[in-house]
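Overview (structure and organization)
Here's the letter readout for the chains.
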Amino acid sequence: MKTIFEKTNGVQGVLLTDEKEDLSFIDKKFVRKSQIGLPQVGELDAMRHYKELSDKNFCIEKGFYPLGSCTMKYNPKVNELLASLEGFSSLHPEVDDEDCQGALELMYKLQEALKVITGMDAVTLQPAAGAHGELTGMMVIKKYFEVKGENRKKVIIPDSAHGTNPASAHLCGFDIISVKSNEKGQVDIEELKKLLDSDVAAIMMTNPNTLGIFEENVLEISNLMHDNGSLLYYDGANFNAIMGYTNPKLMGFDVVHLNLHKTFSTPHGGGGPGAGPVCVVGNLKEMLPAPVIAYDGEKYYRNYNLKNSIGSVKGFFGNFGVLVRAYAYILMMGKNLKEASENAVLNANYLKEKLKGAYLLPFDEPCMHEFVLSGEKQKEENNVSTLNIAKALMDENTHPPTVYFPLIVHEAIMIEPTESETKEVLDDFVDVMLKIADDAKNNPEKVITAPHSTPVKRLDETLAARKPDLSYKG
Ligand SMILES: *Cc1c(COP(=O)(O)O)cnc(C)c1O
């Protein structure tokens, strides 16, 4: 496919200025001496060019997207409409509180809703993504110990954790101590006990963990940590696993972040924007980033008056459009948020049971919203790797699952169907996965050389990340 620069053909889409117009009133030094160098084609050609480009992309509108830990569900399009309402989208972030009462009310009510959903006592909507929420939460924890006059340096993180967990804690100045998982894919309590001392500030956990398995001993863990004077951080990026069934407060956690762009209706992929609100228990309330949105019974306002605030972590209101979508989604769903979790868990278990014969299931436990298979059998028997299987899925109008994560599973294939797919879609996916398993056995070359039908074949991902070549040099 040609670039839009190569398609430039002398046809003009728009006339920016009438060249015959007298421009002598402009100071000469501001008048352009050469061509501007923009591509130029007719309006229809421009439209077709970008449509063709977008057709080369895969998206949720095109097919099944079971990318584990990413919750690529359907996000109601009506929420896009609401986020783009002029009163929201044209609101200047510098306006006074009295001139943006509606926006503040929305944020306040979203904070209240997230308090109910997480069981926590206070919320900041500022962080712009999950990892940013983690950093904010860890800063709050650091501040908590600072105020207490304790200098705890260590944070314990299970070996199955999302990579952002150790990165965020480390960025915050903590030393990372890894705790092993046991044969059930859960935190090994005996190992954990050995790691506890007065230097441990917190444990960062994901529950259900990244294997999709619920940590049965979470209450014992929270007692152990609190008895040790430590706090518990909950990575709630994939909250669709538990909404309405339980919450981090009931499990004994002190800080939790949510990914509004996973669980609460903001489409993601391609880099955002997102929102990673952080919710905390009462004794950490004063450490949240200022301002938080407050209500005095008459007016909504930005409250900067937090005694031990860690300061601001994001300009203005955070990513406000994402907050609008989340609030609309929560209002729309109401008590059915619980049903979303129910379906997310049901769908994952359905797929797990259908696929566990053809692929290895390293932790054969009931799962929550996702589960992790291994491609080890295919690798050993036919030298077909998980990467090959992922590429073969692209030929079947299916986005590959997350692969090679979590790190504790060899040849990992991490599948998250989400709540919004029908049984028919899930059954089609099962057929495709079984067909690929069959091909791996009987026609391995086909899988090893996949994809065969995509616009580009296998890319050198390292080179693409290290030396991206993004500009057109004509
Ligand atoms: C996605 C995810 C994150 C990070 O969220 P970002 O918005 O990508 O920064 C953290 N933890 C888990 C478990 C996740 O799935």
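Residues numbered from 1 in each chain as written. Predicted model: local features only at pLDDT ≥ 70, side-chain atom pairs only at ≥ 80, totals over all residues. Heavy atoms only, no water.

1. What about the domain arrangement of the protein?
Heads up, the rule is: Bear in mind that the domain bounds are from an automatic or database domain assignment. Throughout, a residue-residue contact means that at least one pair of heavy atoms, one from each residue, lies within 4.5 Å. Accessible surface is computed with a 1.4 Å probe, and the buried area is the amount of it that two parts give up when combined, taken over both parts together. In the analysis that follows, any N or O atom pair within 3.5 Å is treated as a polar contact, provided that within protein one partner can donate a hydrogen and the other can accept it, and provided that, for residues neighboring in sequence, both atoms belong to side chains. Residues are grouped as follows: Ala, Val, Leu, Ile, Met, Phe, Trp, Tyr, Cys and Pro are nonpolar; Asp, Glu, Lys and Arg are charged; every other residue, Gly included, is polar.
Examined at the domain level, the protein breaks down into domain 1 (1-56), domain 2 (77-335) and domain 3 (340-464). A separation of 30 Å is found between the C-alpha centroids of domain 2 and domain 3. With 26 residues of domain 2 at the contact, the number on the domain 3 side is 20 residues. Interface area lost by domain 2 to domain 3 is led by Thr210, Leu211 and Asn240, which between them contribute 32%. Seen at the junction of domain 2 and domain 3, the total is five residue pairs in polar contact (both at pLDDT 80 or more). Among the residues making up the side of domain 2 that touches domain 3, the classes are represented as twelve nonpolar, eleven polar and three charged.

2. Let's talk about unusual backbone geometry
For the record, the criterion: Only runs of H or I of at least four residues qualify as helices and only runs of E of at least two qualify as strands under DSSP, and these elements are numbered from the N terminus. Per-residue accessibility, obtained with a 1.4 Å probe over protein chains only, is compared with the maximum for each type, and a residue is labelled buried under 20%, exposed over 50%, and partly exposed between these values.
Backbone torsion omega between Phe405 and Pro406 reads 0 degrees, so that peptide bond is classified as cis. Take Pro406: it is sitting in the loop between β11 (402-403) and β12 (412-415). With an omega of 5 degrees, the peptide bond between Ala450 and Pro451 qualifies as cis. Tracing the sequence through the fold places Pro451 in the loop between α16 (444-448) and α17 (461-466). We note that Ser69 has phi near 70 degrees; this positive angle belongs to a residue other than glycine. With respect to the element layout, Ser69 can be found in the loop between α2 (43-55) and α3 (78-83). Classification of Ser69 by relative accessible area gives buried; the value is 7%. Even without a glycine there, the phi angle at Ser265 is positive, about 75 degrees. One can find Ser265 in the loop between α10 (260-263) and β7 (278-280). Given a relative accessible area of 0%, Ser265 falls into the buried group.

3. Looking at the site of the ligand
The criterion, for reference: Being near a molecule or strand, for a residue, means having at least one of its heavy atoms within 4 Å of it. Accessible areas in this description were obtained via Shrake-Rupley with a 1.4 Å probe; residue shielding takes into account the shown protein chains only.
Near the ligand, the surroundings consist of 13 residues, among which Ser69, Gly130, Asp235, His261 and Lys262 are the closest. Note that an oxygen atom of the ligand is positioned 2.7 Å from one of the side-chain N or O atoms of Ser69. Within the side chain of Asn259, a nitrogen or oxygen atom sits 3.0 Å from an oxygen atom of the ligand. Considering the ligand on its own, with 380 Å² of exposed area, one finds that the protein chains cover 85% of that surface. For the shell around the ligand, the element with the most residues is helix α6 (residues 130-148), which contributes three residues. Across the shell around the ligand, the residue classes break down as three nonpolar, seven polar and three charged.

4. Points about the sheet that holds strand β5 (residues 231-236)
Within a sheet, each strand pairs with its neighbour through backbone hydrogen bonds, oriented either parallel or antiparallel. This is how the line gets drawn: For two strands to count as paired, DSSP must find a minimum of two bridges between them. All axes here are fitted lines through C-alpha atoms, helices being fitted over the stretch that makes contact, and every angle between N-to-C directions spans 0 to 180 degrees.
Overall, mixed pairing links the seven strands, which are arranged β1-β7-β6-β5-β4-β2-β3 in an open sheet. The open sheet terminates on both sides in strands that have one partner only, identified here as β1 (122-124) and β3 (175-179). Put simply, the sheet's adjacent strands are angled 25 degrees from each other on average, direction ignored. Bridge analysis of strand β6 (residues 255-258) against β7 gives three bridges, and the strand direction is antiparallel. Across the sheet, the residue bridging to Val255 is Val280, located in β7. Along the sheet, helix α5 (residues 101-118) makes contact with β1, β6 and β7, crossing β1 at roughly 125 degrees. Here α6 sits on the sheet in contact with β2 (154-158), β4 (200-205), β5, β6 and β7, set at roughly 170 degrees to β5.

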